[in-house]
Amino acid sequence: MDGTGGGKRAVVALGGNAIIREGEEGRIDQQFRNTRISLSGVVRLIKEGWEVLITHGNGPQVGNRLLSNEMAHEMVPNLPLGVLCGDTEGAMGYMIQQSLVNKLIYHSIKSSVVTVITQTEVDIDDMSMRNPTKPIGPFYSKEESEKLEREEGWRFVEDSGRGYRQVVPSPYPIDIIEIDVIKSLLGMGVIVIALGGGGIPVMRQPDGTLEGVDGIIDKDLASSLAGRKIGASLFVMVTGVEKVALNYGKPNQKNIDKMTVSEAVGYLDGGHFPPGSMGPKIRAAVEFLEGGEGGEGSGVIITSPEGLSGAVFGGAGTTIVKD
């Protein structure tokens, strides 16, 4: 991937599971440390003259908020999922914003950084509202998940051999309410953090007003939409693995260095990328590269936090390109 800036715009999507690593308790000091690691490659992009929109997941974080809800429901009123999404947008935005500002100071880069609490429009008739598929929160054993299904009515799915996770509705993003604000800030040279957790899902009422929806937007699909709307030429998804793989977690696992859109679609249709893990990332990459109202994207990279800088400037990670 060409690492020259030249006024180009990049979307960097930080995965929630890259900020809380597998095997960690999710303490805030761990999240800050992982965030700082994830931002090293972002700083290099900024130094090379890229305008950067940073998005992030919130699956583990909002899942923990839901768990706190259940544990404290006899003491304080429960909060709906949309409010918890807004809560994590602000808290994680603060963490990313402060970490990035400190890195910019260290590198003597004078740039402003701001977090935009973002709402994402969805269709209330989206089929996922009746068929939850989005994994959030910590991993549970089979016995623990079955107990929570019986006692709390939660729904679970097995996640890539790592355990069981709660699943919630994940309607498809059709618009981003604050996109004009985001574009204006980027045009002013501001580094923007937005679409935390894919944004707070909202629906349009007949009179044009907005109403919250109980669900979680896939942050990669929302980031892809944002990238097209702002005319980004680079879309980077930072996740828990260095490369996309076929037969992930199996003896015949095969890492992929580079693939075309057609190859990606073929693998996706062939069931290589499950809907609860890598599937939405591949779909987001394809949609970004196929373009839209914001123009055609030119490159997508999927990699780990440690591989970000090398992926953009040295060929690490998995690159997806047009045919």
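One structure accompanies this document, and this report is about it. Quick caveat: nothing in here was measured; it's all calculated off a predicted structure.

A closer look at the sheet that holds strand 3 (residues 113-116)
Move 1: The strand order across the open sheet built from eight strands is 3-9-2-1-12-16-17-15, with neighbouring strands paired in mixed fashion. Single-partner strands in this sheet number two, and they are strand 3 and strand 15 (258-260). For this sheet the average axis-to-axis angle between neighbouring strands, irrespective of direction, equals 20°.
Move 2: Bridging between strand 2 (residues 51-56) and strand 9 (residues 191-196) involves three bridges; their strand directions are parallel. Bridging from a neighbouring strand, His-56 pairs with Gly-196 of strand 9.

Considerations on the pairing of strand 7 (residues 164-168)
Move 1: The element strand 7 is largely enclosed, with a buried count of four among its five residues.
Move 2: Sheet analysis places strand 5 (residues 134-140) next to strand 7, joined by four bridges and oriented antiparallel. Residue pairing for strand 7: Lys-134 is matched across the bridge by Val-168.

Topic: the environment of Gly-315
Move 1: With respect to the helices and strands, Gly-315 occurs in the loop between helix 10 (308-314) and strand 17 (318-321).
Move 2: For the pair Gly-315 and Asp-257, spaced 58 residues apart in sequence, the C-alpha to C-alpha distance is 8.3 Å.

Side note on the layout of surface pockets
A probe as big as a water molecule, rolled over the atoms, marks out the empty space that is left.
Move 1: Space inside the second largest pocket adds up to approximately 270 Å³.
Move 2: Contributing to the lining of the second largest pocket are 17 residues, with Leu-66, Leu-81, Gln-166, Val-168 and Asp-214 lying nearest its centre.
Move 3: Of all elements in the fold, only helix 3 (59-71) and strand 7 reach the threshold of two or more residues within the lining of the second largest pocket.
Move 4: Of the residues assigned to the lining of the second largest pocket, the class counts are nine nonpolar, five polar and three charged.

A closer look at helix 6 (residues 179-187)
Move 1: When we look at burial in helix 6, the residues that qualify are Ile-179, Ile-182, Leu-185 and Leu-186. Summarising the axial view, the buried residues of helix 6 lie within an arc of 125°, below the 170-degree limit, and thus occupy one face. Opposite the buried face of helix 6, at more than 90 degrees from it, the exposed residues are Asp-180 and Gly-187.
Move 2: Those residues of helix 6 that are buried lie in contact with strand 1 (9-14), strand 2, strand 3, strand 8 (175-176), strand 9 and helix 7 (219-230).
Move 3: Gly-189, located one to two residues past helix 6, shows a positive phi value of around 85°.

Points about the side chain of Thr-55
Move 1: Along the chain, Thr-55 turns up in strand 2.
Move 2: For Thr-55, a relative accessible area of 0% gives the class buried.
Move 3: A polar contact is formed between the side chain of Thr-55 and the side chain of Ser-223, at a distance of 2.7 Å.

Definitions and limits used
Residues numbered from 1 in each chain as written. Predicted model: local features only at pLDDT ≥ 70, side-chain atom pairs only at ≥ 80, totals over all residues. Heavy atoms only, no water. Pairing = 2+ DSSP bridges. Helix = DSSP H or I, 4+ residues; strand = E, 2+ residues; numbered from the N terminus. Axes fitted to C-alpha atoms, helices over the stretch in contact; angles between N-to-C directions. Buried < 20%, exposed > 50% of the residue type's maximum accessible area, 1.4 Å probe, protein only. 1 Å grid on protein atoms, 1.4 Å probe; cavity = no way out; pocket = protein on both sides within 12 Å on 5 of 7 lines; lining within 4 Å. Points joined across faces, edges and corners; volume = space filled by probe spheres on them. Nonpolar A, V, L, I, M, F, W, Y, C, P; charged D, E, K, R; others polar. Arc of directions from axis to C-beta. Contact = heavy atoms within 4.5 Å. Polar contact = N/O pair within 3.5 Å; in protein donor to acceptor, adjacent residues only side chain to side chain.

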